[in-house]
Amino acid sequence: MRKLYIGRILYNIGKFALRVIVLSVLVFTISRLAPGDPLYAYYGERVEKMSVAQQEQARERLGLRKPLFTQYARWLQGAFHGDFGISYQYKTDVKEVIAARIGNTLILGGLGFLLIFVLALLLGLFCAWREDRAADRIICRIGTVTSCVPEFWLALLLLLVFAVWLDWLPGSGAYSIGKEGDVADRAVHLVLPLTVVVLGHLWYYAFQVRNRLLEEVRADYVLLARMKGLSGKQVLYRHCLRGALPSYLSMMAVALPHILGGTYVVETVFSYPGIGTLAYESARYQDYNLLMVVSLLTGTMVIFCNMLAGIISGRIDPRMRIHSLTGGGEVRGC
Amino acid sequence: MTKDPLYMDLAHCNEAPGKEFLFGTDTMGRDIFSMIRYGGRISLTIGFLATLLSTILAVLAGSVSGCAPARIDGVLMGLTELFLSVPGLLLTVFLQAVFGGSDAYSLSVVIGLTGWMSMAKVVRAEVLQLKHTDYVLAAKCLGGGFFHVLFRHLAPNFFPSVLFMAVMNVRNAIVAESTLSFMGLGLPMEEVSWGSMLSLSESALLSHSWWIILIPGAFLVATLLCLTNLGNYMRGRANKRHSNLGCQGSLNIKKK
């Protein structure tokens, strides 16, 4: 039994590594095949003033003239030694460029995720408890409307109202100039972007919780529990919630990279210095080395969280595991 | 009332809503009312075209992978997941570069090609449940080919959930179009759509011209809301039909 367990862990690690490698090949090829000139990222507009010979020389120097495979092998070799090359645009080590910004994204996305995680569960529970009563209907209405508002427009709206008209909150950046360490200042800058991140996703997940619970509420065991004298609320918390939790956890595991990595629109509108804007710039201006690392960061997280979702639902709900052992393949979310 | 949506009336730049310009003019002097009228066509066209493409792809990929033996199914789903893990932004920029200039059609192809994965997963899940039913087995024994079984037996069963997802995909495609155009990756400013109108909003923020941001956005949100309601209506019908079977008992409890 123990042997089987270790085998499974090794199998999962192998699967994970394989996927990450394939992903890196894919991103590498895609970014190289896309037309566009990485020299622009490096030299900016000056490229146009360079002679053809100079351009060729620059390409040679950056290692862009070698065959694709050689370039990839070289990159991989460096990557295993922790050397991811330099960013063409920022002219420094890619790791430094990312290290300077990743904290901001993690704060924004991480806080957003936590808020969504808690609020979606509470809202879903509340709505399921008050199914089809006034409160549920009103929340559903409002929720549907918020889920229809595109993130970027919500961000613009908040900017217009709270930063331009009322002038209550700052509209751009992660901190005021010269106040980098000031927590309160950072918190104030975080309010608007965080609101957009949370409102943009909240209802989708809350609605899923609600629907899942409504299915659960219609099961026979609820009838039994009620007959034994438990109140509706007790049944909902002790039994239905438990039934809905595995699918909620695996759903949120899939949601984690989605929310963390999906902040680029918000970051762009609020000029918030994070990974999202970096990804956008690097994809647009062919900053290959930077693009590779940013894509791998988000991609790895997606792969990891998807596998985590499978493992979580297998842990909590053994039925899923049996299903996957009997040849059902991947675990399906509900 | 309506004017040429492309005509830049330089004498009336940035004018607030009034009698002549019902919704005002944008920073380049174009009449927002007529831009919304004509731009809606492009936004909706992109929404429907992209959905058509992604739905076809999703149904094919999902049902092939659902019907295939477990090993091939695993590989196919692995590929789908891989597609999901490549950053969407990179994929969009790449596809756009491949399809050349950005007009409404190439943009819908790009959005369609990046939006089929989650729907394929749903189709696969449905097919997996359906493929072991007796009538599918019977159809196969009688010599029905893959496409026969797909269209006559599988598709009618997963149609409701695909329909719901397709409506939601129209919504997502419109959101994607407007977001991409807003970020400067989608339609250029000369091609009027609700999204490309909003790409002027950065400068509108500076000049406090709220109408450039609020009015096209309100139209966008209203359209999306309609689509969502349509989708929910379809799903609601499907749900009720299912739950009639064995859950009346607990419904009574809730009412008490």
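Here the structure is a predicted model, which is why all the values come from computation and not from measurement.

**Focus: the overall build of chain A**
Stage number 1. The secondary structure content of chain A amounts to 14 helices and zero strands.
Stage number 2. Counting only residues that meet the buried cut, chain A has 44% of its 334 residues in that class.
Stage number 3. At a minimum sequence separation of 6, the contacts of chain A that also span at least 24 residues come to 72%.
Stage number 4. For chain A, the computed accessible surface area is about 17,200 Å², with 65% contributed by carbon and sulfur atoms.

**Describing the overall build of chain B**
Stage number 1. The secondary structure content of chain B amounts to 11 helices and zero strands.
Stage number 2. C-alpha atoms of chain B, sized along the principal axes, occupy 75 × 55 × 30 Å.
Stage number 3. Within chain B, counting contacts between residues at least 6 apart in sequence, those at least 24 apart form 65% of the total.
Stage number 4. Split by element, the accessible area of chain B, about 12,000 Å² in all, is 66% carbon and sulfur.
Stage number 5. Computed over 19 positive and 15 negative side-chain charges, the inter-centroid distance for chain B is 20 Å.

**What to know about the interface of chain B and chain A**
Stage number 1. With 51 residues of chain B at the interface, the matching set in chain A holds 55 residues.
Stage number 2. Carbon and sulfur atoms make up 72% of the surface buried where chain B meets chain A, a total of about 4,700 Å² over both sides.
Stage number 3. At the junction of chain B with chain A, the criterion picks out zero salt bridges.
Stage number 4. Summed over the shared surface of chain B and chain A, the result is two residue pairs in polar contact (both at pLDDT 80 or more).

**Digging into the confidence of the model for chain A**
Stage number 1. For chain A, the average pLDDT comes to 79, and 89% of its residues sit at 70 or higher.
Stage number 2. Taken together, the stretch residues 322-334 of chain A has pLDDT below 50 and engages in 20 contacts with residues farther than four places along the chain or on a different chain.

**Considerations on the side chain of B:Glu177**
Residue and element names in this part refer to chain B.
Stage number 1. With respect to the helices, strands and loops of the structure, Glu177 is situated in helix α7 (residues 146-183).
Stage number 2. Buried within the structure, Glu177 lacks any salt-bridge partner; Arg30 is the closest side chain of opposite charge, at an N-O distance of 12 Å.
Stage number 3. Apart from the residues within four sequence positions on either side, Glu177 is in contact with Ser43, Ile46, Leu107, Ile111, Leu187, Ser193, Gly195 and Ser196.

**Some words on the nonpolar core**
The tendency in soluble globular proteins is for nonpolar side chains to be buried side by side.
Stage number 1. Within the largest apolar cluster, 110 residues are counted, with the highest numbers of intra-cluster contacts made by A:Phe152, A:Trp153, A:Leu156, A:Leu213 and A:Phe270.
Stage number 2. Broken down by element, the residue count for this core peaks at 15 residues, all from helix α8 (residues 183-217) of chain A.
Stage number 3. Once residues lying within four places of it in the same chain are set aside, the contact partners of A:Leu156 are A:Val269, B:Phe182, B:Ser201, B:Leu205 and B:Ile213.

**What about the packing of aromatic side chains?**
Stage number 1. Taken as a whole, this structure holds 13 aromatic pairs over all chains when the rule is applied.
Stage number 2. When the centroid spacing of 5.1 Å and the interplanar angle of 75 degrees are considered together, the rings of B:Phe146 and B:Phe147 count as edge-to-face.
Stage number 3. B:Phe147 gets classed as partly exposed once you look at its relative accessible area, which sits at 47%.
Stage number 4. Three or more aromatic residues link up through ring pairs in this structure, and these residues are A:Phe28, A:Tyr72 and A:Trp75.

**A look at the state of the cysteines**
Residues and elements named next belong to chain A.
Stage number 1. By the definition in use, this model includes zero disulfides over all chains.
Stage number 2. Just so you know, Cys127 is unpaired, no disulfide at all, and the nearest cysteine sulfur is the one on Cys140, 4.9 Å from it.
Stage number 3. In this structure Cys127 comes out as buried when scored by relative accessible area, which is 1%.

**Looking at the environment of B:Leu91**
Stage number 1. Among the structural elements, B:Leu91 can be located in helix α3 (residues 88-98).
Stage number 2. Beyond its immediate chain neighbours, meaning those up to four positions away, B:Leu91 contacts A:Ile30, B:Phe83, B:Val86 and B:Thr114.

**What about the side chain of A:Asn104?**
All names here are of chain A.
Stage number 1. Within the secondary structure layout, Asn104 lies in helix α5 (residues 94-129).
Stage number 2. For Asn104, a relative accessible area of 8% puts it in the buried group.
Stage number 3. If we skip the residues at most four places from it in the chain, Asn104 touches Ala174, Arg186, Tyr272 and Pro273.

**Focus on a nonpolar patch on the surface**
All names here are of chain B.
Stage number 1. Together, Leu49, Leu52, Ile56, Leu60, Val64, Tyr105, Phe146, Phe147 and Phe151 line one region of the surface with nonpolar side chains, adding up to about 860 Å² of accessible area.
Stage number 2. Counting residues per element, the nonpolar patch draws most heavily on helix α1 (residues 32-67), at five residues.
Stage number 3. Along the chain, Tyr105 turns up in helix α4 (residues 104-114).
Stage number 4. Judged by relative accessible area, Tyr105 falls into the exposed class, the value being 54%.

**Observations concerning the pattern of salt bridges**
Residue and element names in this part refer to chain A.
Stage number 1. What the rule picks out here adds up to four salt bridges over all chains.
Stage number 2. Note that Glu215 and Arg212 form a salt bridge whose closest N and O atoms lie 3.9 Å from each other. Note that Glu215 and Arg212 are positioned in helix α8 at a spacing of three residues, about one turn of the helix.
Stage number 3. The class for Glu215 is exposed, based on a relative accessible area of 55%.
Stage number 4. We note a salt bridge from Glu216 to Arg212, for which the minimum N-O separation is 2.8 Å. You can see Glu216 and its partner Arg212 sitting in helix α8, four residues apart, about one turn around the helix. The pair formed by Glu216 and Arg212 is uniform in burial state, with each residue classed as buried.

**Observations concerning the packing of helix α6 (residues 134-141) of chain B against α7(B)**
Residues and elements named next belong to chain B.
Stage number 1. Orientation of α6 relative to α7, taken along the N-to-C sense of each, is 170 degrees, at an axis distance of 10 Å. Relative to α7, α6 is oriented roughly antiparallel. Residues Tyr135, Val136, Ala139 and Lys140 of α6 form the contact with α7, whose own contacting residues are Val149, His153, Leu154 and Asn157.
Stage number 2. When the residues that make up the contact of α6 with α7 are grouped by side-chain class, the tally is five nonpolar, two polar and one charged.

**Let's talk about unusual backbone geometry**
Residue and element names in this part refer to chain A.
Stage number 1. In this structure, Ser271 takes a positive phi of about 40 degrees despite not being glycine.
Stage number 2. As for its position among the elements, Ser271 is in the loop between α11 (264-269) and α12 (275-284).
Stage number 3. Under the relative-accessibility criterion, Ser271 is labelled partly exposed at 44%.

What counts, and where the lines are drawn
Residues numbered from 1 in each chain as written. Chains lettered and ligands numbered in written order. Predicted model: local features only at pLDDT ≥ 70, side-chain atom pairs only at ≥ 80, totals over all residues. Heavy atoms only, no water. Helix = DSSP H or I, 4+ residues; strand = E, 2+ residues; numbered from the N terminus. Buried < 20%, exposed > 50% of the residue type's maximum accessible area, 1.4 Å probe, protein only. Contact = heavy atoms within 4.5 Å. Areas by Shrake-Rupley, 256 points an atom, 1.4 Å probe, with all protein chains shown as cover. Lys, Arg positive; Asp, Glu negative; His and termini not counted. Charge placed at Lys NZ, Arg CZ, Asp CG, Glu CD. Buried area = accessible area lost by both parts, 1.4 Å probe. Salt bridge = Lys/Arg side-chain N within 4 Å of Asp/Glu carboxyl O. Polar contact = N/O pair within 3.5 Å; in protein donor to acceptor, adjacent residues only side chain to side chain. pLDDT = per-residue confidence, 0-100. Core = buried A, V, L, I, M, F, W, Y, C linked by side-chain atoms within 4.5 Å. Phe/Tyr/Trp six-rings, centres within 6.5 Å; stacked < 30°, edge-to-face > 60°. Disulfide = S-S within 2.5 Å. Patch = residues over 30% accessible without salt bridge, like charges linked within 9 Å, V, L, I, M, F, W, Y side chains within 5 Å. Axes fitted to C-alpha atoms, helices over the stretch in contact; angles between N-to-C directions. Parallel < 35°, antiparallel > 145°, perpendicular 65-115°, else oblique. Nonpolar A, V, L, I, M, F, W, Y, C, P; charged D, E, K, R; others polar.

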